[in-house]
Each structure stands twice: as structure tokens, then as C-alpha cells.
Amino acid sequence: MYDRITPPTIGERITFQDGEPIVPDTPIVPFIRGDGTGVDIWPAAQKVFDAAVAKAYGHHRHIVWFKIYAGDEACEHYGAYQYLPEDTLTAIREYGIAIKGPLTTPVGGGIRSLNVALRQINDLYACVRPCTFYPGTPSPHKSPEKLDVIVYRENTEDIYLGIEWRQGTEIASKLIDLLNQDLIPATPEHGRKQIRLDSGIGIKPISKTGSQRLVRRAIKHALRLPPHKQQVTLVHKGNIMKYTEGAFRDWGYELATTEFRQACITERESWILSNREANPDISLEENARRVEPGYDSLTPDRKAEVCEEVKLTLDTIWDSHGQGQWQTKVMVNDRIADSIFQQLQTRPDEYSILATMNLNGDYLSDAAAAIVGGLGMGPGANIGDTCAIFEATHGTAPKHAGLDRINPGSVILSGVMMLEFMGWQEAADLIKQGLGAAISNREVTYDLARLMTPPADPPLKCSEFAEAIIQHFDD
Ligand SMILES: NC(=O)C1=CN([C@@H]2O[C@H](COP(=O)(O)OP(=O)(O)OC[C@H]3O[C@@H](n4cnc5c(N)ncnc54)[C@H](OP(=O)(O)O)[C@@H]3O)[C@@H](O)[C@H]2O)C=CC1
Ligand SMILES: O=C(O)CCC(=O)C(=O)O
Ligand SMILES: [Mg+2]
């Protein structure tokens, strides 16, 4: 079944039932070391995972690691250009779970992203990236403790589908001709727009299926959070890209108000209900005026639409959500992407789960990680219905590769997410405890050391930081 790897002879597979993992006491977990700083962070992280599991469960439980290959290491093991061998895909499919270090993607040419390929091939449609502050972590932000968000990023479509054509190729030229001569003129709303002949062309598909399954997961996650964090914000640039990003927002709201009707309230509905709560005799039109900015300047048709929306909301959910009941529901709102970047800086405590399309989530997860200490503190998980791959938010950080200096925190915290996913909470808690205590004790790698006042000097090496985390399990 495998060409150049041999699965462990001990241990058992994790299986899935209704999207939930069933985990034996000795699960086999495939791992990819990763390129660049993968050589530093993976061994450090593995040591922490094993120590935490041993401390939490003694001989009762342990992870049976299964080394699989991708990226540069795969080419060394399998031969030139074998970046993502079939063995690796088979192992991930068979064992249902994996953890990986970062993999290199060249810019402007060469292979397409192996990271993205792993997500698409395994249909890992939700990229989940929590950004939480650990006390004592230095940050360029004034109040990093106020940020506690989870980015839920759609992981399989958007421009990351990678369907694009280089400028000057025959297909790019054909497509441009077709668009300029037929499709754009046939669409009155596009007016006399034309695409420059020397353009490269990329396709940005956003589907209802892809959007709603992502938002579904985000809402289900929100339902597991404490009441004050039960909020899902749909992030989009729908004012500009109406039928992709705008549609993502609309499909998100549609799902929230149908499949999760009893559990959710939209922000706009909450305004309509509170207007009536504050004034039981308020007219439909006055309610509409308070909900829709610039109501008095709207066309009569648009005014009628807003009034109808108010009426429908009151008719359908006043009994179930009115009189303050909506405050116990998951709040679903939306924010335009550029605005959410500034709001995470200025009002971070107003947000909880941010549901995004692929590109927005990529940007937003790096930006949010920066607030809570940088990319060394940004974990992630790629989750589908029958498989999950855990990986840090950051990349290979090539200039630090092999120097034993980079922060292994993100891949360690990705392992924490994996342990939690497996239901091994005790081991996950030990690692979080150890990491927090090491940071509070100023035992940190260079990235955190340089942000501290005064800087922690000398910083710990990558391997020493992992040791420090283990030493602090008991604090
Ligand atoms: N999932 C994946 O495998 C990903 C892969 N990539 C790929 O990685 C490669 C390099 O990408 P690049 O744009 O340089 O981005 P990286 O995230 O690799 O690194 C950018 C900078 O972020 C900081 N950083 C990254 N990781 C850590 C860490 N563990 N601890 C502390 N600081 C860290 C470093 O800053 P400083 O030097 O200032 O301290 C580093 O130079 C590309 O090929 C890219 O495609 C990118 C993202 C995700
Ligand atoms: O795959 C890559 O090289 C980059 C992907 C990335 O930046 C991410 O998933 O956050
Ligand atoms: Mg990224």
C-alpha cells in the first residue's frame, strides 16, 4: 500500500463518526516535519507533546508518531520534484489526522502551494486559527489581552483554488477577448468596461455550499463558547465584490436565520426587536427609519422593502426572540474586511469568531496573531468532516532555518488544538500551563525577548524554550 514509508506496527487509527473523531489510547498520528524552520520547531514541539501526554496519562495513553514526507524532505526521500508523494496523501486519508510544519511555496512561478493542496485534496474546508493572549506575552499592542478571537477561514475556494492564467498565454488572451467582446457587453451593469490585453487572469469562485458549510461550523463553535462570546462576524468585501464576497455574507445570514433560527439573531434583527422593546407602539416606518441609515433619502421601493423586512422580523421572531430573549442567542453580524482590520486594533474585545473567505482569513489571521505576540504564537487547524491537519499560521521563515532560534510556540499550540480535538484536554492544559509560565518567567525565544521591556537577554533557543515549557508543566 505504501511505497517508501512503513506505518507503525503498534497503535490504532483515529476514525470519524458524524464528523467527530473517535480516538483510541494509542492513536497513530502522521507528521510532516516541514521546510525551513521545520527542522527546528518540529523536534522541539514533538518533545513537548510526548512529555505532556506522558505526564497526563502515564502509560495509559501515548501518541504513536508516523513520519510522512512533503516539501524538500519529500524530494530527498522520494526523488526530484516529488513534493507531495502519494504515500503522504494515503497516510493522511487512512489515519484521519496529521500535524505538519510549514512548507515553502515559491512566488510568481514554480509549484503551487503544498499547504493549500493538502487542504483541498482532503476537503479540509475550515481553517481554524485562534488568537488568544497569554499573560506576560509582549506585544506591540497596548491592550493585547482584549483580543480573543478565532478566525474561521474558508479553506478550499476563493482565489486559492489557483485557477489563473499567466499574462500573454493563449488561454489568457482568449479569455480576455471573450470577456471584452461578448460577456461584458452582454451584462449591462458592466457598462463599457474592458480588460487590458496585457492582463493575467485569475478566477475567484465563492460557492453557496462552501460558504455555508464554513459558517455552519463557525456557528456550532460559537454555541460551545461562554454566552458573552457567542458571536459570529461574517467578514467580506461585499461592497466591491457583490456576487462573491457579498454573496458570502448573504449566504451566511441565510444559514443563520434558517438552519439555526432558534439559536441565532442577526445584528439588524436585534435592532428591530430592541426598537419595539423600547417603544411597544413604534410604527413599522419609524422602526425602519432607525434600522436603515439614510432611510428618508431612499427610493419609495427601497423604503417599502425595509418596512417589509421590519414587519417580517417582528411577525416571525418577536415571540421567540423578543423581550430580550435575543440576548441569549448567537449574534451574527457582518463587517467589511478593511474595517475589521482597524476594529481588531481599536475595539478587539467586541469580536469573537470571524468567519471569512480564504484570502481575507489568510491576512486577518497573521494580523490578529501579531497583536497577541506575533507569528510565533499563532496556531491553526484545517478541519473537514473526516480528516484534520494541524499546522501553525506562519511559514518556513527561511532566514532562521537550522539556527535553533525560532519560536516553536505556534506549532506547539497547534498540537494543543490537536490534543483538544482528540479530547485529551489534560495534556493540552499542561502545555498551555507550561507555555504561559515560561513566558511570564521571561524564558522566551528571540521574537518575544526583543519585545519585552527590558528585552529578555539572552533569549532562549528554540529547543530550550520547549524544555522550559516542559519544566513549567507543574507551576
Ligand atoms: N502553512 C504554511 O506552511 C505556510 C507557508 N508559507 C510559506 O513560507 C515561506 C516563507 O514565507 P514568509 O512570507 O517569509 O512568512 P513566514 O511566516 O515564514 O515568516 C515571516 C516572518 O515572520 C516571523 N515568524 C515566522 N514564523 C515565526 C516563528 N515561528 N517565530 C517567530 N517569528 C516567526 C519572522 O519574523 P522576523 O524575522 O522579523 O523575526 C519571519 O521572518 C513562503 O514560501 C510561504 O509561501 C507561508 C505561510 C504559511
Ligand atoms: O501555502 C503557502 O505557502 C501560504 C499559505 C498561507 O499563508 C496560509 O495558509 O496562511
Ligand atoms: Mg498566511
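The chain has the name Isocitrate dehydrogenase [NADP] in an unreviewed UniProt entry, where Halomicronema hongdechloris C2206 is given as its organism. Quoted verbatim from the Subunit (unreviewed entry) heading of the UniProt record, the comment on the chain is "Homodimer." The annotation that UniProt attaches to the chain under Sequence similarities (unreviewed entry) is "Belongs to the isocitrate and isopropylmalate dehydrogenases family."

### With respect to the site of ligand 2
Every residue near ligand 2 is listed here: Thr105, Ser113, Asn115, Arg119, Arg129, Arg153, Asp362 and Thr393. Asn115 places a polar side-chain atom, nitrogen or oxygen, 2.8 Å from an oxygen atom of ligand 2. One of the side-chain N or O atoms of Arg129 is found 3.0 Å from an oxygen atom in ligand 2. For the shell around ligand 2, a count of residues per class yields no nonpolar, four polar and four charged.

### Here's the deal with the side chain of Arg335
Its place among the elements puts Arg335 in strand β12 (residues 330-336). Owing to a relative accessible area of 17%, Arg335 belongs among the buried residues under this scheme. Side chain to side chain, Arg335 and Glu267 meet in a polar contact 3.0 Å long. Beyond its immediate chain neighbours, meaning those up to four positions away, Arg335 contacts Thr233, Leu234, Val235, His236, Glu267, Ile340, Gln343 and Tyr351.

### Structural notes on the packing of helix α8 (residues 267-278) against helix α10 (residues 300-321)
Across the interface, α8 lies against α10 with an axial gap of 9 Å and an inter-helix angle of 75 degrees. Viewed along their axes, α8 and α10 adopt a mutual orientation that is roughly perpendicular. In this structure, α8 uses Arg268, Glu269, Ile272, Leu273, Arg276 and Glu277 to contact α10, whose residues at the interface are Arg302, Val306, Glu309, Val310, Thr313, Leu314, Ile317, Trp318 and His321.

### Focus: a nonpolar patch on the surface
A contiguous nonpolar patch, built from Leu161, Ile163 and Ile203 and spanning about 210 Å² of accessible area, is present on the exposed surface. Position of Leu161 relative to the elements: it lies in the loop between β7 (148-154) and β8 (164-165). According to the relative accessible area criterion, Leu161 is partly exposed, its value standing at 34%.

### A closer look at the packing of aromatic side chains
Under the counting rule described, the total for this entry stands at eleven aromatic pairs. Consider the rings of Tyr57 and Trp424, whose centres lie 5.5 Å apart with planes at 70 degrees: the pair is edge-to-face. Residue Tyr57 is located in helix α1 (residues 38-57), and its partner Trp424 is located in the loop between α13 (409-422) and α14 (425-440); the two are separated by 367 residues in the primary sequence. Trp424 matches Tyr57 in its accessibility class, with the two residues each being buried. Joined through ring pairs, the aromatic side chains of Phe31, Trp42, Phe49 and Trp65 make up one cluster. Just above the ring of Tyr57 sits the side chain of Arg61; from NZ or CZ to the centre is 4.7 Å. Its guanidinium or amino end placed over the ring of Trp318, Arg276 lies 4.8 Å from that ring's centre, counting from NZ or CZ.

### Concerning the pattern of salt bridges
On inspection of all chains with the given rule, the structure shows 31 salt bridges. We note a salt bridge from Lys100 to Glu391, for which the minimum N-O separation is 2.4 Å. Taken together, the residues span a long stretch of sequence, with Lys100 in strand β5 (residues 97-100) and Glu391 in strand β15 (residues 388-391) at a distance of 291 residues. You can call Glu391 buried: its relative accessible area is 5%. Arg217 is the salt-bridge partner of Asp385, the closest N and O atoms lying 3.5 Å from each other. Of this pair, Asp385 sits in the loop between β14 (381-383) and β15 while Arg217 sits in helix α6 (residues 208-223), and the two are 168 residues apart along the sequence.

### Some details on the site of ligand 1
Close contacts around ligand 1 come from 23 residues, with Gly395, Ala397, His400, Asn407 and Tyr446 the closest. At 3.1 Å, a side-chain N or O of Glu391 approaches a nitrogen atom of ligand 1. At 2.7 Å from an oxygen atom of ligand 1 is found a main-chain nitrogen or oxygen belonging to Ala397. Against a free-state accessible area of 880 Å², the protein chains account for coverage of 71% of ligand 1. For the shell around ligand 1, the elements supplying multiple residues, two or more each, are α4 (114-121) and α15 (446-449). Residues belonging to the shell around ligand 1 are distributed by class as follows: seven nonpolar, ten polar and six charged.

### What about the domain arrangement of the chain?
When the parts of a complex come together, some accessible area is lost, and that lost area is often taken as the interface size. Split by domain assignment, the chain resolves into domain 1 (1-125 + 380-475), domain 2 (164-202) and domain 3 (264-328). Domain 1 and domain 3 are separated by 48 Å when their C-alpha centres are compared.

### Re the pairing of strand β10 (residues 231-236)
Taking burial as the measure, the six residues of β10 include six buried ones, the bulk of the element. Neither face of β10 is left uncovered, since the one carrying Gln231, Thr233 and Val235 and the one carrying Val232, Leu234 and His236 both have all their residues buried. When β10 meets β12, the two strands line up parallel, connected through six bridges. Residue pairing for β12: Val235 is matched across the bridge by Arg335. Inspection of the sheet shows β10 paired to strand β13 (residues 353-356) by three bridges, in the parallel sense. From the neighbouring strand, Thr233 faces β13, where its bridge partner is Leu354.

### Overview of the UniProt feature "domain: Isopropylmalate dehydrogenase-like" (unreviewed entry) in the chain
The feature "domain: Isopropylmalate dehydrogenase-like" (unreviewed entry), as annotated in UniProt, sits at residues 28-469 in this numbering. Secondary structure across residues 28-469 comprises 44% helix and 13% strand; the distance between its end C-alpha atoms is 24 Å.

### Some details on the environment of Leu430
Position of Leu430 relative to the elements: it lies in helix α14. For Leu430, a relative accessible area of 16% translates into the label buried. Spatially, the C-alpha atom of Leu430 lies 13 Å from that of Ala466, the residues being 36 residues apart in sequence.

### A few points about the packing of α1 against α13
Packing of α1 against α13 brings their axes to within 9 Å, and their N-to-C directions diverge by 40 degrees. With respect to each other, α1 and α13 are oriented oblique. Crossing angle aside, the handedness with which α1 passes α13 is right-handed. Every residue of α13 that contacts α1 at Ile41, Trp42, Ala45, Val48, Phe49 and Val53 is listed here: Val411, Ile412, Gly415, Val416 and Leu419. Of the residues contributing to the contact of α1 with α13, the split by class is ten nonpolar, one polar and no charged.

The rules behind the values
Residues numbered from 1 in each chain as written. Chains lettered and ligands numbered in written order. Predicted model: local features only at pLDDT ≥ 70, side-chain atom pairs only at ≥ 80, totals over all residues. Heavy atoms only, no water. UniProt positions renumbered as here; feature names shortened; annotations may be inferred. Near = heavy atom within 4 Å. Polar contact = N/O pair within 3.5 Å; in protein donor to acceptor, adjacent residues only side chain to side chain. Nonpolar A, V, L, I, M, F, W, Y, C, P; charged D, E, K, R; others polar. Helix = DSSP H or I, 4+ residues; strand = E, 2+ residues; numbered from the N terminus. Buried < 20%, exposed > 50% of the residue type's maximum accessible area, 1.4 Å probe, protein only. Contact = heavy atoms within 4.5 Å. Axes fitted to C-alpha atoms, helices over the stretch in contact; angles between N-to-C directions. Parallel < 35°, antiparallel > 145°, perpendicular 65-115°, else oblique. Patch = residues over 30% accessible without salt bridge, like charges linked within 9 Å, V, L, I, M, F, W, Y side chains within 5 Å. Areas by Shrake-Rupley, 256 points an atom, 1.4 Å probe, with all protein chains shown as cover. Salt bridge = Lys/Arg side-chain N within 4 Å of Asp/Glu carboxyl O. Phe/Tyr/Trp six-rings, centres within 6.5 Å; stacked < 30°, edge-to-face > 60°. Lys NZ or Arg CZ within 6 Å of the ring centre and 35° of its normal. Domains from an automatic or database assignment. Pairing = 2+ DSSP bridges. Left-handed = near helix turned anticlockwise from the far one by under 90°.

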